[in-house]
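Fold and geometry: a report
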Amino acid sequence: MILIILDVKDRILKKRIKYTFNQIMTYLGYLYEIKNSINKNLTNNKKYSLLIYYGNKTLNINHKKNIVQIIPNKFKKIREEKTKLYYFKNKKAAIFNRDIILESFMVLSREEEIDSKYLDEHKRFIAEKSKTFDYLMEPVVNKYAIILDKLIKNFYESNSTPLIQKCQWPKNKKFAVCLTHDVDIVKFKKADFFSINKIIDFIKNKNPYWQFDKIIYLEQKYNFKSTFFFCVEKKHNFDPNYSIKEKKIANIIQTIIGKGNEVGLHLSYLSYSNQEIMEMEKNKLKPLVGNCIGVRTHFLRFRVPDTWILENNSGFYYDSSLSYSSDIGYRGGFSWVYTPYAVGSEKEIKIFELPLSVMDSTLFLENKTADNAWISLKKLFYNAERFNGVVVLDWHQRVFNEKYFRNYFSVYKKCLNYFKEKDVFVSSANSVIDWVNKRNSVSILRKVNKNKIDILIKSTTNINNFAIKISYNNTKLKSYNSKNCRIIGNKEGSVIIIKKINKNKKIKIELIK
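1. Thoughts on the overall build of the protein chain
Counting secondary structure elements, the protein chain contains 13 helices and 25 strands. Here the protein chain has a C-alpha radius of gyration of 24 Å; the compact-globule value for 513 residues is 24 Å, and the two agree. Once the C-alpha set of the protein chain is aligned to its principal axes, its extents read approximately 85 × 55 × 45 Å. Taking all 513 residues of the protein chain together, the buried fraction comes to 56%. Long-range pairs, those at least 24 residues apart, make up 73% of the contacts in the protein chain between residues at least 6 apart in sequence. A total of about 23,400 Å² of accessible surface is found on the protein chain, and carbon and sulfur atoms cover 49% of it. Taking the average place of the 91 positive charges on the side chains of the protein chain and the average place of its 50 negative ones, the gap between the two points comes to 9 Å.

2. Some points on the pattern of salt bridges
Scanning the entire structure with this criterion turns up 25 salt bridges. Put simply, glutamate 112 and lysine 131 hold a salt bridge, and the shortest N to O gap is 3.9 Å. You can see glutamate 112 sitting in the loop between α3 (100-109) and α4 (140-158) and its partner lysine 131 sitting in the loop between α3 and α4, a full 19 residues away along the chain. Within the structure, one salt-bridge network assembled from shared partners comprises Arg110, Glu112, Glu113, Lys131 and Arg331.

3. As for the pairing of strand β21 (residues 463-471)
Examined bridge by bridge, strand β7 (residues 163-166) and β21 share four bridges and lie antiparallel to one another. Residue pairing in the sheet places leucine 163 in a bridge with serine 471 of β21. Of the pairings in the sheet, the one linking β21 to strand β24 (residues 493-501) comprises seven bridges and is antiparallel in character. When the bridges of β24 are listed, isoleucine 463 appears paired with isoleucine 501.

4. Some words on the environment of lysine 166
Inspection of the secondary structure assignment puts lysine 166 in strand β7. Setting aside residues no more than four positions away along its own chain, lysine 166 makes contact with Leu28, Gly29, Arg439, Asn440, Val442, Ile444, Phe466, Ala467 and Ile468. A distance of 3.0 Å separates a polar side-chain atom of lysine 166 from the backbone oxygen of arginine 439.

5. Some thoughts on the confidence of the model for the protein chain
Looking at the protein chain, pLDDT values average 90 and 92% of them are 70 or higher. Contacts from residues 74-83, a stretch scored under 50 in pLDDT, to residues over four places away or in other chains number 23 contacts.

6. Quick word on the packing of helix α11 (residues 370-386) against helix α12 (residues 408-422)
Between α11 and α12, the least distance of the axes is 11 Å, while the angle of their chain directions is 30 degrees. On the basis of their axis angle, the class for α11 and α12 is roughly parallel. Every pair of crossing elements has a handedness; the one defined by α11 and α12 is right-handed. Of α12, the residues touching α11 (which contributes Ala370, Trp374, Leu377, Lys378, Phe381 and Glu385) are Val411, Lys414, Cys415, Tyr418, Phe419 and Lys422. When its residues are assigned to classes, the contact of α11 with α12 shows eight nonpolar, no polar and four charged.

7. Notes on the packing of aromatic side chains
Inspection of every chain in the model, using the stated rule, returns 29 aromatic pairs. Consider the rings of tyrosine 19 and phenylalanine 105, whose centres lie 6.2 Å apart with planes at 90 degrees: the pair is edge-to-face. In this pair, tyrosine 19 is assigned in helix α1 (residues 11-28) and phenylalanine 105 in helix α3, connecting sequence segments 86 residues apart. By relative accessible area, which is 3% here, tyrosine 19 ends up buried. Exposure remark for phenylalanine 105: the relative accessible area of 0% places this residue in the buried category. What links up through ring pairs into an aromatic cluster is the set Tyr27, Trp169, Phe334, Trp336, Tyr338 and Phe425.

8. A closer look at the nonpolar core
Membership of the largest hydrophobic core comes to 152 residues, with the highest contact counts inside it found for Phe21, Ile152, Phe230, Phe381, Trp395, Phe419 and Ile457. Looking at which element gives the most residues to this core, the answer is α4, with eleven residues. Core analysis: the second largest hydrophobic core is formed by eight residues, Leu42, Tyr48, Leu51 and Ile67 among them.

9. Focus on the side chain of serine 441
Structurally, serine 441 is set in the loop between α13 (429-440) and β19 (442-448). Among the residues examined, serine 441 registers a relative accessible area of 15% and is labelled buried. From its side chain, serine 441 meets the backbone oxygen of lysine 438 in a polar contact 2.6 Å long.

10. Some thoughts on unusual backbone geometry
Along the chain, valine 304 connects to proline 305 via a cis peptide bond; the corresponding omega equals -5 degrees. Considering the arrangement of structural elements, one finds proline 305 in the loop between β11 (294-296) and α9 (306-313). In this structure, lysine 171 is a non-glycine residue whose phi angle is positive, near 55 degrees. Following the sequence through the fold, lysine 171 ends up in the loop between β7 and β8 (176-183). For lysine 171, a relative accessible area of 41% gives the class partly exposed. Phi at asparagine 388 is positive, roughly 50 degrees, even though this residue is not glycine. The residue asparagine 388 is located in the loop between α11 and β17 (390-394) in this model.

11. Things to note about the state of the cysteines
Per the counting criterion, the structure on display carries zero disulfides. The cysteine cysteine 292 is free of any disulfide, with cysteine 231 supplying the nearest cysteine sulfur at 11 Å. Residue cysteine 292 is classed as buried on the basis of its relative accessible area of 0%.

12. Considering α13
Taking 1.5 Å per residue as the helical rise, α13 with its twelve residues ought to reach 16 Å, and the 17 Å between its terminal C-alpha atoms agrees with that figure. Along α13, the positions that sit buried rather than exposed are Ala429, Val432, Ile433, Trp435, Val436 and Arg439. The arc that holds the buried residues of α13, viewed along the axis, is 155 degrees, so those residues lie on one side.

13. A word on α9
Turning to α9, its buried residues number three or more, namely Thr307, Trp308, Leu310 and Glu311. Along the long axis of α9, the arc covered by the buried residues comes to 165 degrees, so they all point the same way. Positive backbone phi, approximately 95 degrees, marks glycine 315, located one or two places after α9.

Parameters at a glance
Residues numbered from 1 in each chain as written. Predicted model: local features only at pLDDT ≥ 70, side-chain atom pairs only at ≥ 80, totals over all residues. Heavy atoms only, no water. Helix = DSSP H or I, 4+ residues; strand = E, 2+ residues; numbered from the N terminus. Rg over C-alpha atoms; globule rule 2.2 N^0.38 Å. Buried < 20%, exposed > 50% of the residue type's maximum accessible area, 1.4 Å probe, protein only. Contact = heavy atoms within 4.5 Å. Areas by Shrake-Rupley, 256 points an atom, 1.4 Å probe, with all protein chains shown as cover. Lys, Arg positive; Asp, Glu negative; His and termini not counted. Charge placed at Lys NZ, Arg CZ, Asp CG, Glu CD. Salt bridge = Lys/Arg side-chain N within 4 Å of Asp/Glu carboxyl O. Pairing = 2+ DSSP bridges. Polar contact = N/O pair within 3.5 Å; in protein donor to acceptor, adjacent residues only side chain to side chain. pLDDT = per-residue confidence, 0-100. Axes fitted to C-alpha atoms, helices over the stretch in contact; angles between N-to-C directions. Parallel < 35°, antiparallel > 145°, perpendicular 65-115°, else oblique. Left-handed = near helix turned anticlockwise from the far one by under 90°. Nonpolar A, V, L, I, M, F, W, Y, C, P; charged D, E, K, R; others polar. Phe/Tyr/Trp six-rings, centres within 6.5 Å; stacked < 30°, edge-to-face > 60°. Core = buried A, V, L, I, M, F, W, Y, C linked by side-chain atoms within 4.5 Å. Disulfide = S-S within 2.5 Å. Expected span 1.5 Å × (residues − 1). Arc of directions from axis to C-beta.

The structure is reproduced here in structure tokens:
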């Protein structure tokens, strides 16, 4: 167990740091507790193997444990990383020379966007004005978390103390991919009649935008599921040109759901800042899809933190809008599913953010050829694997028409081939969110005896293919549920994959010294 002590007097700062530690430690999968003061009873408690101290005091207690100290520092900007030196370390302690926790908070909360004057014509925050613009492809929060992670592992290894960590994804898969499709244009519009090819399609009664069957068939070949975001009706010039009242639209929604995919709400142009419209659109879609839990804004219009708050108040479980329409990458600096924070009211918002990583039009706006687009995607996938993160793709259904959208289909298919070869966790948005939520419900208890260590794993819900990493030198692993567990050894230790954990039933694993 890791003990985190927040020795901070400022109430708001303490809430922000606690929130950030919770996000980072949950992502890393460690067993930890957070306390608000430091004393000998805590630091000498055998329950804790490592102390992470966030505060300005010089620690003069005679600690028997390793210490990581992070000294609070007023955040100015993400500094140029000319050196990899983030902390000074000896055998028993490490002191960070920069406040990676507060910097992570500033990125996660998107505080720089609040009341910003740097907006485009659609009132969207301009990517180039962000302090983290240069790090969109390499998410800052993940990078800082892994620096802390390596330090934790190093201290545990030097003390020959068993380190237990939840794997991020089922069966310890390298990273997760969420496939999504925004449904905007589904039929001919006025501008199409300036195109001879589209006039011919119209005369022949061919709809170049109706590509749903093609998408479903393609993804089924790989045994992948995806999420389609549908709007409700057109009320603004920028809204999609259809209504869910149309029989053809209602039927395709039922087909998509019937094939095991998800349908979420694609908000209209104005609703991102209007709860009344947002709730109305949700209620109109609900009879077709049942419980509508997911949402994405139209044009990626988003006001921090207001849009999250409105979505939460409207009963949505997750949002997948946080991205730039002009640049691919991680606007929130975190390749992970997390809960946002409202600066001002100083509260964690009870909605999951599944950050959109790349939208098709943005990708091809930045990269004019398929080869260049693939190079950008490979960089994104490389960092997702490096950080065990999540990639969210948004390929609009209309771009699967190869005649009018050159390279879009071929690049998407290349992505699916890559994911299959890499054996990553690929699914719809609701399935990815569901996995993270179930992972968070798993508790792990460690009992240390003379010659062995017992690990008890319990979950408040049923979960399949849950995995943990155990790093412990010169030990043998034995499971009391051998038919239910598979142990895989690697350079960093052992990974235990548990086929099934039943609700409130314990799984016992024994480490023999």
